[in-house]
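# Summary of structural features
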Amino acid sequence: MRQKTLDVLEFDKIKSFVSNEAISDLGREKVAEMSPATDFETVEFQINETDEISQIYNKHRLPSLSGLSKVAQYIHRSTIGGVLNVTELTAIKRLIQVQNQFKTFYNQLLEEDEEVKYPILDSNMAQLPILTDLFKDINEKCDTHDLFDHASYELQSIRSKISSTNQRIRQNLDRVVKSQANQKKLSDAIVTVRNDRNVIPVKAEYRQDFNGIVHDQSASGQTLYIEPSSVVEMNNQISRLRNDEAVERERILTELTGQVAAEADALLTSESIMGHLDFLIAKARYARAIKGTKPTFHKERTVYLPNAYHPLLDRNTVVANTIEFIDDIETVIITGPNTGGKTVTLKTLGLIIVMAQSGMLIPTLDGSQLSVFENVYCDIGDEQSIEQSLSTFSSHMKNIVEILKDADKNSLILFDELGAGTDPSEGAALAMSILDHVRSLGALVMATTHYPELKAYSYNREGVMNASVEFDVESLSPTYKLLMGVPGRSNAFDISKKLGLSLHIINKAKTMIGTDEQEINNMIESLEKNSKRVDEQRIELDRLVKEAQTTHDELEKQYQQYQNYEKSLMDEAKEKANQRVKSATKEADAILKELRELRDKKGADVKEHELIDKKKQLDDQYEAKSIKQHVQKQKYDKIQAGDEVKVLSYGQKGEVLELVGDEEAVVQMGILKMKLPIEDLEKMKKKKEKPTKMVTRANRQTVKTELDLRGYRYEDALIELDQYLDQAVLSNFEQVYIIHGKGTGALQKGVQQHLKRHKSVKTFRGGMPSEGGFGVTVASLK
């Protein structure tokens, strides 16, 4: 897309907000490179990967990426023979640590909820290399700024010698500076360091009293820093040990650098993936700040943005509007007063499309629909150029000429005050001609105008729709509400009346404009009211449809679980029956073996073919397909709905739910409901249930059948839920309602996981739309 479009829509400001959410330079670089894609598959992939990370970010606490930084330059240097220092090795170690922490977090996430799938993130996690050995080696040898003493036995020995020698030097010099005879000869009774040598500060006049080497003097020349002869050799020894330390240090760092070079490709892969994750998490953080949602992209040209608002405006005061190109509409013309929000509407549409095609969630309600545009062209704002001696009209026209050269059917064009800045009649004619041209190109267009001639433009051409921004005559201020399908009406008479202009003057003015225009204004006023009502109903309908779809999906899922459970019960019963037959067959084999042995030993009169026949009879008992039993009915009582019966073919008890004709009945056996022939049923006498004693509790608090957890912290909510369930059980409730609200879904998930583990809960389900929908969980108690 043109950089000029991105500048006009202030996309750089959006990128700066996202960049502030990134943790590392890797993430910030990717934000800086972020731009709208124009390939459908790329756009869809980018929005899906952002949505996956956003789902996880909104429900879980992500591991920290703090300390993640660019290491590519260090890795490259390691491969060309350079030696990395401790700080550079620490940066590589932190990269490995960050990737391992994130991978561990992701694996735990999948273990907690195996049904949730994140295919794109899963692919990234699978590409992360195993670098545990390299991490351990660096971690064991490197501190943040230096090598550990125990990085090698040699290094530890050298540093131990340096330490002990330094200690001896200190003791020697301490005796010198603490001697009473030397107190007046020293500038200060301390041991200090000059040129990496331990020295004492001696007054210049007492130089001859101290044998040794002068390493420095004070600025005034009054103090000399002398290394006494008694410690010169020991300081020389330390210098030699320091050289040995540097050599050993270089050897260890070279060894570690070689290990880094061996894992160069794996480290670059890790850097790329973790930097990209930082970028995605930054987009997820920003999406949460603007309450962004995922749009659905279509290959057919579509724009539907319910309750969209400009993300750079104050969220608490901005007015959200539904922007839509319905059916075969290709051009929308917005009319209305100045400062009414027309320009903001254009920028909102353009910026949301740019954000969505850059893989960002957009500030609308759920259910937004978009297509992918190859270009978004803008002619917005006052672009008067003093340097080029261009008027506002000329500047706009120059920009429009450039747009018309490049625009095509895959473009979105935004015109602000089309044709303004010149003679009204010529400007209006030019605006209509330009709109006709872009419509012939097949581009999608939204334009704002003050020209009344353009209100009638949509009625004379197909694919054109009017819209307007609302004006409140009572407060004499715009409401910033966009009314799709309704042209703007003149409020001049109403405003004049409100401001106190004489009714005589207003009535005379009305007679001058003609009856037709008055009727048009009245019609527009009626359309405004109807449009607001339809818009509200549309949003509510979308919400109800979504809830109904979710309920349908949940019921379908539960039905599938029921079918799987039914199949597992049948398979289990078959397996048990088959195991019995196998056991009996083994026992028969043993008996046959004994009989053969008896025959062989004692010549018993047992024929081989008779043994084989008996064995075959046992094998024929094996149950391959059915567990039905062939049992003849013993009683012939009349079967009625509600009777307790024995199902002869299955050997199970059940209850007759209804009769189907004269020969079949629907029977409930446990969780199974089956249609069976009446001749397969044998009526049983119902056992009288013993009356159960009811223990009443006096003066107890009344317990409601619902618990409202909205506003509770996560931990407090679960404690309250636990106490409530105990009270509900004591109150003999069969079913209770847990109100947790919709929100991010974290509290809903926590409540349902707690119900799954609770000993008193039989089953639970999401609420129906009439019960509160997603915001309620209904639990059945044992």
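Residues numbered from 1 in each chain as written. Predicted model: local features only at pLDDT ≥ 70, side-chain atom pairs only at ≥ 80, totals over all residues. Heavy atoms only, no water.

## Describing the overall build of the protein chain
Scanning the protein chain from N- to C-terminus turns up 21 helices and 23 strands. Out of the 782 residues belonging to the protein chain, those deemed buried represent 40%. Expressed as a percentage of contacts within the protein chain between residues at least 6 apart in sequence, the contacts between residues at least 24 apart total 66%. Here the protein chain has roughly 44,300 Å² of accessible surface; of this, 49% comes from carbon and sulfur atoms. (Helix = DSSP H or I, 4+ residues; strand = E, 2+ residues; numbered from the N terminus. Buried < 20%, exposed > 50% of the residue type's maximum accessible area, 1.4 Å probe, protein only. Contact = heavy atoms within 4.5 Å. Areas by Shrake-Rupley, 256 points an atom, 1.4 Å probe, with all protein chains shown as cover.)

## Some details on the packing of aromatic side chains
Per the counting criterion, the structure on display carries three aromatic pairs. Aromatic pair phenylalanine 102 and phenylalanine 105: ring centres 5.8 Å apart, planes at 65°, arrangement edge-to-face. In this pair, phenylalanine 102 and phenylalanine 105 both sit in helix H6 (residues 86-112), three residues apart, roughly one turn of the helix. For the pair phenylalanine 102 and phenylalanine 105, a shared accessibility class is recorded, and that class is buried. Here arginine 194 stacks its cationic end above the ring of tyrosine 225, 4.1 Å away from the centre of that ring. (Phe/Tyr/Trp six-rings, centres within 6.5 Å; stacked < 30°, edge-to-face > 60°. Lys NZ or Arg CZ within 6 Å of the ring centre and 35° of its normal.)

## Let's talk about the side chain of arginine 159
Turning to its location among the elements, arginine 159 is positioned in helix H9 (residues 153-178). Among the polar contacts listed, one links the side chain of arginine 159 to the backbone oxygen of leucine 147, at a separation of 2.9 Å. Once residues lying within four places of it in the same chain are set aside, the contact partners of arginine 159 are Asp146, Leu147, Phe148, Asp149 and Glu245. (Polar contact = N/O pair within 3.5 Å; in protein donor to acceptor, adjacent residues only side chain to side chain.)

## Some details on the pattern of salt bridges
Proximity of charged atoms lets side chains of opposite charge pair with each other. In total, this model carries 26 salt bridges according to the counting rule given. Of the charged contacts, one joins lysine 342 and glutamate 417 as a salt bridge, the two residues approaching to 3.7 Å between their closest N and O atoms. Taken together, the residues span a long stretch of sequence, with lysine 342 in helix H12 (residues 342-357) and glutamate 417 in the loop between strand E11 (411-415) and helix H14 (424-441) at a distance of 75 residues. Assessed through its relative accessible area of 5%, lysine 342 is described here as buried. One salt bridge in this structure joins arginine 439 and aspartate 436, with 3.7 Å as the shortest N-O distance. You can see arginine 439 and its partner aspartate 436 sitting in helix H14, three residues apart, about one turn around the helix. (Salt bridge = Lys/Arg side-chain N within 4 Å of Asp/Glu carboxyl O.)

## Regarding the sheet that holds strand E9 (residues 369-371)
The four strands lie next to each other as E5-E9-E6-E7, forming an open sheet whose pairing is mixed. Edge positions in the sheet fall to strand E5 (296-298) and strand E7 (321-325), since each of these pairs with one other strand and no more. If you compare each strand with its neighbour and ignore which way they point, the axes differ by 30° on average. Along the sheet face, H12 touches E5, strand E6 (303-308), E7 and E9 and points at about 110° away from the line of E6. (Pairing = 2+ DSSP bridges. Axes fitted to C-alpha atoms, helices over the stretch in contact; angles between N-to-C directions.)

## Remarks on the sheet that holds strand E3 (residues 212-217)
Spatial ordering of the open sheet is given by E1-E2-E4-E3, a layout of four strands whose pairing is antiparallel. Each edge of the open sheet is held by one strand with a lone partner, namely strand E1 (192-194) and E3. Each strand of the sheet is rotated relative to its neighbour by a mean of 50°, with strand direction disregarded. Across three bridges, E1 lies against strand E2 (residues 197-203) in antiparallel orientation. Across the sheet, residue threonine 192 finds its bridge partner in E2, namely valine 199. Packing of H9 onto the sheet brings it into contact with E2 and strand E4 (223-228), and relative to E2 it is tilted by some 10°. Sitting on the sheet, helix H10 (residues 229-262) touches E2, E3 and E4, and the angle it makes with E4 is about 75°.

## As for unusual backbone geometry
Of note, asparagine 195 is a non-glycine position whose phi angle comes to about 55°, a positive value. Note on placement: asparagine 195 falls in the loop between E1 and E2. A relative accessible area of 56% places asparagine 195 in the exposed class. Phi at glutamate 417 is positive, roughly 50°, even though this residue is not glycine.

## Section: the environment of lysine 759
By secondary structure assignment, the location of lysine 759 is in the loop between helix H21 (746-757) and strand E22 (761-766). Owing to a relative accessible area of 68%, lysine 759 belongs among the exposed residues under this scheme. Through-space distance from the C-alpha of lysine 759 to that of leucine 781 is 9.2 Å; in sequence the pair is 22 residues apart.

## Considering a negative patch on the surface
On the surface, Asp662, Glu663, Glu664 and Glu679 cluster together into a negatively charged patch. Structurally, glutamate 663 can be placed in the loop between strand E16 (652-660) and strand E17 (664-669). (Patch = residues over 30% accessible without salt bridge, like charges linked within 9 Å, V, L, I, M, F, W, Y side chains within 5 Å. Lys, Arg positive; Asp, Glu negative; His and termini not counted. Charge placed at Lys NZ, Arg CZ, Asp CG, Glu CD.)

## Observations concerning helix H2 (residues 11-21)
Where H2 is concerned, the buried positions are Phe11, Ile14, Lys15, Val18 and Ser19. Projected down its long axis, H2 shows its buried positions confined to an angular sector of 140°, all on one face. Contacts made by the buried residues of H2 are with helix H1 (3-8), helix H3 (25-33), helix H11 (264-289) and H12. (Arc of directions from axis to C-beta.)

## Describing the packing of helix H13 (residues 392-406) against H14
Interaxial distance between H13 and H14 falls to 12 Å at its minimum, and their mutual angle equals 15°. It follows that H13 is roughly parallel to H14 by the angle criterion. Crossing of H13 against H14: the hand is left-handed. Of the residues in H14, those in contact with Phe393, Met397, Ile400 and Leu404 of H13 are Leu430, Ile434, His437 and Val438. (Parallel < 35°, antiparallel > 145°, perpendicular 65-115°, else oblique. Left-handed = near helix turned anticlockwise from the far one by under 90°.)

## Some thoughts on the pairing of E11
With five of five residues buried, E11 is to be regarded as a mostly interior element. Here E11 shows a buried face lined by Ser411, Ile413 and Phe415 and a second buried face lined by Leu412 and Leu414. Here strand E10 (residues 375-379) pairs with E11 via five bridges, running parallel. Note on E11: the bridge partner recorded for valine 376 is leucine 412. Bridge count between E11 and strand E12 (residues 444-449): four bridges; the pairing is parallel. By the bridge assignment for E12, isoleucine 413 is matched with valine 445. For the crossover from E11 across H14 to E12, the handedness is right-handed. (Right-handed = clockwise from strand over helix to strand, strands pointing away.)

## A closer look at the environment of threonine 763
Mapped onto the elements of the fold, threonine 763 is located in strand E22. Sequence spacing of threonine 763 and glutamine 735 is 28 residues, and the spatial spacing of their C-alpha atoms is 9.6 Å. Threonine 763 has contacts with Val778, Ala779 and Ser780, leaving out every residue within four places of it along the chain.

## Describing the confidence of the model for the protein chain
Averaged over every residue, the pLDDT of the protein chain is 82; the share at 70 or more is 85%. Counting interchain partners and residues more than four positions distant, the pLDDT-below-50 stretch residues 688-700 has three contacts. (pLDDT = per-residue confidence, 0-100.)

## Comments concerning the packing of H6 against H11
Across the interface, H6 lies against H11 with an axial gap of 10 Å and an inter-helix angle of 60°. The angle between H6 and H11 falls in the class oblique. When the axes of H6 and H11 are compared, the crossing they make is left-handed. Residue-level inspection shows Ile92, Leu95, Ile96, Val98, Gln99 and Phe102 of H6 in contact with H11, the latter providing Leu267, Ser270, Glu271, Met274, Leu277 and Ile281.

## A few points about the side chain of threonine 331
Position of threonine 331 relative to the elements: it lies in strand E8 (residues 331-335). Beyond its immediate sequence surroundings of up to four residues, threonine 331 is in contact with Phe325, Leu435, Arg439, Val445, Gly463, Val464 and Met465.

## Details of the pairing of E16
Note that strand E15 (residues 644-647) and E16 share four bridges and pair antiparallel. By the bridge assignment for E16, valine 645 is matched with glycine 654. A loop of four residues connects E15 with E16, the two strands running antiparallel in sequence, and glycine 651 in this loop sits at a positive phi of about 70°. Pairing of E16 with E17 involves five bridges; the strand directions are antiparallel. Paired with valine 660 across the two strands is glutamate 664, which belongs to E17.

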